[in-house]
Amino acid sequence: MSWGIELWDQFDNLEKHTQWGIDILEKYIKFVKERTEIELSYAKQLRNLSKKYQPKKNSKEEEEYRYTACKAFLSTLNEMNDYAGQHEVISENMTSQIIVELARYVQELKQERKSHFHDGRKAQQHIETCWKQLESSKRRFERDCKEADRAQQYFEKMDADINVTKADVEKARQQAQTRHQMAEESKADYSSVLQKFNHEQHEYYHTHIPNIFQKIQEMEERRIVRIGESVKTYAELDRQVIPIIGKCLDGIVKAAESIDPKNDSQLVVEAYKSGFEPPGDIEFEDYTQPMKRTVSDNSLSNSRGEGKSELKFGGKSKGKLWPFIKKNKLSLKLGATPEDFSNLPPEQRRKKLQQKVDELNKEIQKEMDQRDAITKMKDVYLKNPQMGDPSSLDHKLAEVSQNIEKLRLEAQKFEAWLAEVEGRLPARSDQARRQSGMYETQNAPSVNNCAQDRESSPDGSYTEEQSQESEVKVLATDFDDEFDDEEPLPAIGTCKALYTFEGQNEGTISVVEGETLYVIEEDKGDGWTRIRRNEDEEGYVPTSYVEVYLDKNAKGAKTYI
């Protein structure tokens, strides 16, 4: 099958077809180019998405990524970033291996096509010229033959006429012979031109055109093969990144499998554990013996008689900071955190102090490394004075040493607080401690103690569950007023220590189990009651460690509605 033989007379159609082939190639190039743009846009959007959900440095979000579920999400974001990189690789490879190569090939193809069809048109013009020469020779031969016939007829007419002179007859005869000779010459020329044209026409249709069309056919077949190779490359470039994309997806699956709910639960314990012991059992109170006891309007339990509704504190506390240290009251009012984190429960305070100690140790190590580097540089300057003046480093060395000393003093201070907290944390025992409170009834002279369910909030304050039947809302006064009065507060009742409490923090007071003391300030929802042993010794104790008996008529006692 050859275009030169089968399509010898389809020059114009072949010209259109080859142009269409180039248009198809350029269309494919445009398609691949748009695909690369899509890949780049997709990769950019994936990277922006991954960046958008990355945790911000030095923020609360960064602390959340301690949990395994959040770590898995962070791994997913990182893998998606790598995933986006593979789409960028696809775009780059398609641009270099398909778009650039095909664009160069199209230019070469256009030049080759132009050359082939130029040769074809040149052959057409040559055969057309030969044809015109043949037509011209043929017309001349025909004209000369007609002229010779007319000259012969004129001669015969003159020769038959008796009235014509012999000279006229001879002239007509010579004219006829001349015309016949010209006709013979035209005939010979026509014959020669015809033979030449037939030869050229044979060469044109059997040699020149077949060769040109064969080259055009080969060019077109190479174009088709090139498109096929490009399509295959298109698929292979996608296939090359599949293993890496698979690794990205495997990384996401591995991150998902690494999620440990138990570990996350333990982290929640470490984050919010207060370090206090739960309340213990309630002691039995024998009401068969007469007792004189006043019932506080702020008691935590009441006798449960028929038809009497059970009262319970409702709502949540205002989340006040723990009143451990009186001297830090002003900073607490301004929303600042005490330097020793005394506003936090023991366990949380220990964690914060440990974290601060670790940070200071890292800073100390950094400064020591800097000091060592300066010392080495100074030694180099001493050995090679041309490199620098050793005395120029003395100021910097002294400054670094001062920083190290300051940081060490700071670390010692926090280590002392840490040792104090670690030595004070209560040990877990079989006999748990429970909070106790008192509820008041209007007519019953006796009171029952009941456990109070409390929830510890992260800032160290406590909240209490609401009763399903009714709520009694505490009309809390401003906590800041506690430290504004210089005069000693009057006693508003008494209390009995249920357990021994060692008050080691500033602002607290130690009590012995069974000891009776004066109550000068009630529990305002933060879990602490202010008591006094004598005029010079007062402080806070956990409300769950004492049993309170308030005087209704005492100044400062609050009434709950």
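Shown above is the structure to which this text applies.
Residues numbered from 1 in each chain as written. Predicted model: local features only at pLDDT ≥ 70, side-chain atom pairs only at ≥ 80, totals over all residues. Heavy atoms only, no water.

(A) Just the overall build of the chain, in detail. Along the backbone of the chain there are 9 helices and 9 strands. Expressed as a percentage of its 561 residues, the buried residues of the chain come to 36%. Counted over contacts in the chain with a minimum sequence separation of 6, partners at least 24 positions apart contribute 76%. Total accessible area on the chain is roughly 35,100 Å²; 51% of this is exposed by carbon and sulfur atoms. (Helix = DSSP H or I, 4+ residues; strand = E, 2+ residues; numbered from the N terminus. Buried < 20%, exposed > 50% of the residue type's maximum accessible area, 1.4 Å probe, protein only. Contact = heavy atoms within 4.5 Å. Areas by Shrake-Rupley, 256 points an atom, 1.4 Å probe, with all protein chains shown as cover.)

(B) Representation of helix H6 (residues 261-272). Its 12 residues give H6 an end-to-end C-alpha distance of 17 Å, which sits within 8% of 16 Å, the value for a rise of 1.5 Å per residue. Taken as a whole, H6 has its buried residues at Asp-264, Leu-267 and Ala-271. Taken down its axis, H6 places every buried residue within 55 degrees of arc, on the same side. Against the buried residues of H6 lie helix H4 (68-160) and helix H8 (346-383). The distance from a side-chain oxygen at the start of H6 to the backbone nitrogen of Lys-262 is 3.1 Å, and the residue carrying that oxygen is Asp-260. (Expected span 1.5 Å × (residues − 1). Arc of directions from axis to C-beta. Polar contact = N/O pair within 3.5 Å; in protein donor to acceptor, adjacent residues only side chain to side chain.)

(C) Quick look at the pattern of salt bridges. Across all of its chains, the model carries 23 salt bridges by this definition. We note a salt bridge from Glu-101 to Arg-104, for which the minimum N-O separation is 2.5 Å. Linking Glu-101 with Arg-104, this pair stays in helix H4, spanning 3 residues, or about one helical turn. Classification of Arg-104 as partly exposed rests on a relative accessible area of 40%. (Salt bridge = Lys/Arg side-chain N within 4 Å of Asp/Glu carboxyl O.)

(D) Examining a negative patch on the surface more closely. Together, Glu-61, Glu-62, Glu-63 and Glu-64 make up a negatively charged patch on the protein surface. On the basis of relative accessibility, which here comes to 40%, the residue Glu-62 falls in the partly exposed class. (Patch = residues over 30% accessible without salt bridge, like charges linked within 9 Å, V, L, I, M, F, W, Y side chains within 5 Å. Lys, Arg positive; Asp, Glu negative; His and termini not counted. Charge placed at Lys NZ, Arg CZ, Asp CG, Glu CD.)

(E) Fine view of the environment of Ile-22. Inspection of the secondary structure puts Ile-22 in helix H2 (residues 11-52). On the accessibility criterion, Ile-22 (2% relative accessible area) is buried. The spacing of Ile-22 and Lys-110 is 88 residues in sequence and 7.7 Å in space, taken between C-alpha atoms. Those residues within four positions of Ile-22 in sequence are excluded, and the remaining contacts are Val-106, Leu-109, Lys-110, Arg-113 and Arg-223.

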